[in-house]
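As a plain string of letters, each chain reads:
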Amino acid sequence: MDLISKSAEVYNRITIDGEEFFNHDTCRVMAGPCAVESRDQILSTAEMLANMGISIFRAGSFKPRTNPYAFQGAGEEGLRWLEEVKETYGMKIITETSDYSNFHLVEPVTDIIQIGAKAMFDHALLKAAGASKKPILLKRHFGATIDELFKMADFALLEGNRQILFCERGIRTFETSSRFTLDLCGAAVIKNNTRAPLILDPSHAMGYSFGVPDIANACVAFGCEGILIEVHHNPAEAMCDKEQALDLKQFKQVYEQMNSIGLAIGKQVK
Ligand code: PEP
Ligand code: MN
């Protein structure tokens, strides 16, 4: 199958502020809550994750939702709390821009521009991100082929950006007992056809916390360059994606297991 994409030419080593965060010897863990809810939630979760050695904090302050009545993130104010995380704990930030209207707010704050599954086809957003100097994490839409993912990436790459990370986060199949189905075959195609780091997201794929640790371990064994994983200090109270969030104790345990698996396959999990 012809899967020609500019992503075959991109950087396979991705740096943030001059430090290499993604390469083929590393599996970088990006952990944090789905949504930015409050200053307390963000700062206390970040502190605990930083103490475990996590270097990239994830949390969305502009959340694309399938239900217009659901919480959509703390918005611009939440970005200020993410800046505080950077200053206080020295962590890097990955936060999403849900559509073009908030790109100009998110871009100056985030270290990695997250374009979520539902925004994968937003051409204005892709082009704006492509004109930025910051790495882009592009999540595959749950109904998109790999070819469509690559073509959407090219909308950004044609603007000059060379730093892209592809994220497989589950596709929709006939199966309804998990939220989505993690497409590891598609992930293998991404690996084979591009030099870009491959990121896997066990949280959104599974949708239920009981399955997330096993899948996260499988993702490390698969040999991805990064994992996006949702962690909440009190999942029962989470305002977004509560069923899939690990609590801090569960996360600590799986992070240790992921480290052991990384050792076995020659990738440093960090
Ligand atoms: C997220 O990472 O919280 C998110 C919204 O994921 P996705 O875009 O894959 O649905
Ligand atoms: Mn989420």
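What you see is a predicted model, and the numbers here were worked out from it, not measured in a lab.

Parameters at a glance
Residues numbered from 1 in each chain as written. Chains lettered and ligands numbered in written order. Predicted model: local features only at pLDDT ≥ 70, side-chain atom pairs only at ≥ 80, totals over all residues. Heavy atoms only, no water. Helix = DSSP H or I, 4+ residues; strand = E, 2+ residues; numbered from the N terminus. Rg over C-alpha atoms; globule rule 2.2 N^0.38 Å. Buried < 20%, exposed > 50% of the residue type's maximum accessible area, 1.4 Å probe, protein only. Contact = heavy atoms within 4.5 Å. Areas by Shrake-Rupley, 256 points an atom, 1.4 Å probe, with all protein chains shown as cover. Lys, Arg positive; Asp, Glu negative; His and termini not counted. Charge placed at Lys NZ, Arg CZ, Asp CG, Glu CD. Polar contact = N/O pair within 3.5 Å; in protein donor to acceptor, adjacent residues only side chain to side chain. Arc of directions from axis to C-beta. Near = heavy atom within 4 Å. 1 Å grid on protein atoms, 1.4 Å probe; cavity = no way out; pocket = protein on both sides within 12 Å on 5 of 7 lines; lining within 4 Å. Sits in = over half its atoms within 2 Å of the grid points. Nonpolar A, V, L, I, M, F, W, Y, C, P; charged D, E, K, R; others polar. Points joined across faces, edges and corners; volume = space filled by probe spheres on them.

**Student:** Where do I start with the overall build of the chain in this structure?
**Tutor:** Within the chain one finds 9 helices and 11 strands. In terms of overall dimensions, the chain is globule-like: its C-alpha atoms have a radius of gyration of 17 Å, near the 18 Å expected for 270 residues. Seen through its C-alpha atoms, the chain measures out along the principal axes to roughly 45 × 40 × 40 Å. Within the chain, the proportion of its 270 residues that are buried is 57%. Of all intrachain contacts in the chain linking residues separated by at least 6 positions in sequence, the fraction that spans at least 24 positions is 69%. Put simply, the chain shows about 11100 Å² of open surface, and 50% of that area lies on carbon and sulfur atoms. If you average the places of the 28 positive and of the 35 negative side-chain charges in the chain, the two averages end up 3 Å apart.

**Student:** Looking at this structure, how should I read the environment of Asp247?
**Tutor:** Relative to the helices and strands, Asp247 resides in the loop between strand E10 (226-230) and helix H9 (248-265). Separated by 12 residues in sequence, Asp247 and Pro235 have C-alpha atoms that sit 6.2 Å apart. Asp247 has contacts with Val231, His232 and Pro235, leaving out every residue within four places of it along the chain. Looking at Asp247, its side chain comes within polar contact range of the main-chain nitrogen of Lys249, at 3.2 Å. Of note is the side chain of Asp247, whose polar atom sits 2.7 Å from the backbone nitrogen of Gln250.

**Student:** It is not clear to me how helix H6 (residues 184-193) should be interpreted in this structure. Could you clarify?
**Tutor:** Because each turn of an α-helix spans 3.6 residues, side chains separated by three or four positions in sequence point in the same direction. Within the span of H6, buried status applies to Gly186, Ala187 and Ile190. Down the axis, H6 shows its buried residues gathered within 105° of arc, on one side only. Of the residues in H6, the exposed ones pointing more than 90 degrees away from the buried face are Cys185 and Asn192. Lining the buried residues of H6 we find helix H5 (146-157), strand E8 (164-168), strand E9 (198-200) and helix H8 (212-222). Between a side-chain oxygen at the N-terminus of H6 and the backbone nitrogen of Cys185 the separation is 3.3 Å; the capping residue is Asp183.

**Student:** Looking at this structure, how should I read unusual backbone geometry?
**Tutor:** Of note, the phi angle at Asp17 is positive, near 50°, even though the residue is not glycine. Mapped onto the secondary structure, Asp17 falls in the loop between strand E1 (14-16) and strand E2 (19-22). One non-glycine residue, Asp241, lies in the positive phi region at around 55°. Tracing the backbone through its elements, the reader meets Asp241 in the loop between E10 and H9. A residue is classified by how much of its surface remains accessible, and Asp241, at 16% relative accessible area, is buried.

**Student:** I keep staring at the site of ligand 1 and nothing clicks. Help me out?
**Tutor:** For ligand 1, the full set of nearby residues is Cys34, Arg58, Lys63, Glu96, Gln114, Gly116, Ala117, Lys118, Lys139, Arg169, His204 and Glu230. Between an oxygen atom of ligand 1 and a main-chain N or O atom of Ala117, the distance comes to 2.7 Å. The contact in question runs from an oxygen atom of ligand 1 to an N or O atom on the side chain of Arg169, over 2.6 Å. Computed on the free molecule, ligand 1 has an accessible area of 300 Å², of which 97% lies beneath the protein chains in the complex. With respect to the pocket detection grid, ligand 1 is positioned in the largest pocket. Of the residues assigned to the shell around ligand 1, the class counts are 2 nonpolar, 3 polar and 7 charged.

**Student:** Would you mind going over empty space enclosed by the protein with me for this structure?
**Tutor:** Sizing a probe to match a water molecule and rolling it over the atoms shows the empty space that remains. For the structure shown, the criterion picks out 1 cavity of 30 Å³ or more. Taken as a whole, the largest cavity encloses approximately 30 Å³ of empty space. Forming the boundary of the largest cavity are Pro33, Cys34, Glu37, Glu230, Val231, His232, Ala238, Cys240, Asp241 and Ala245.

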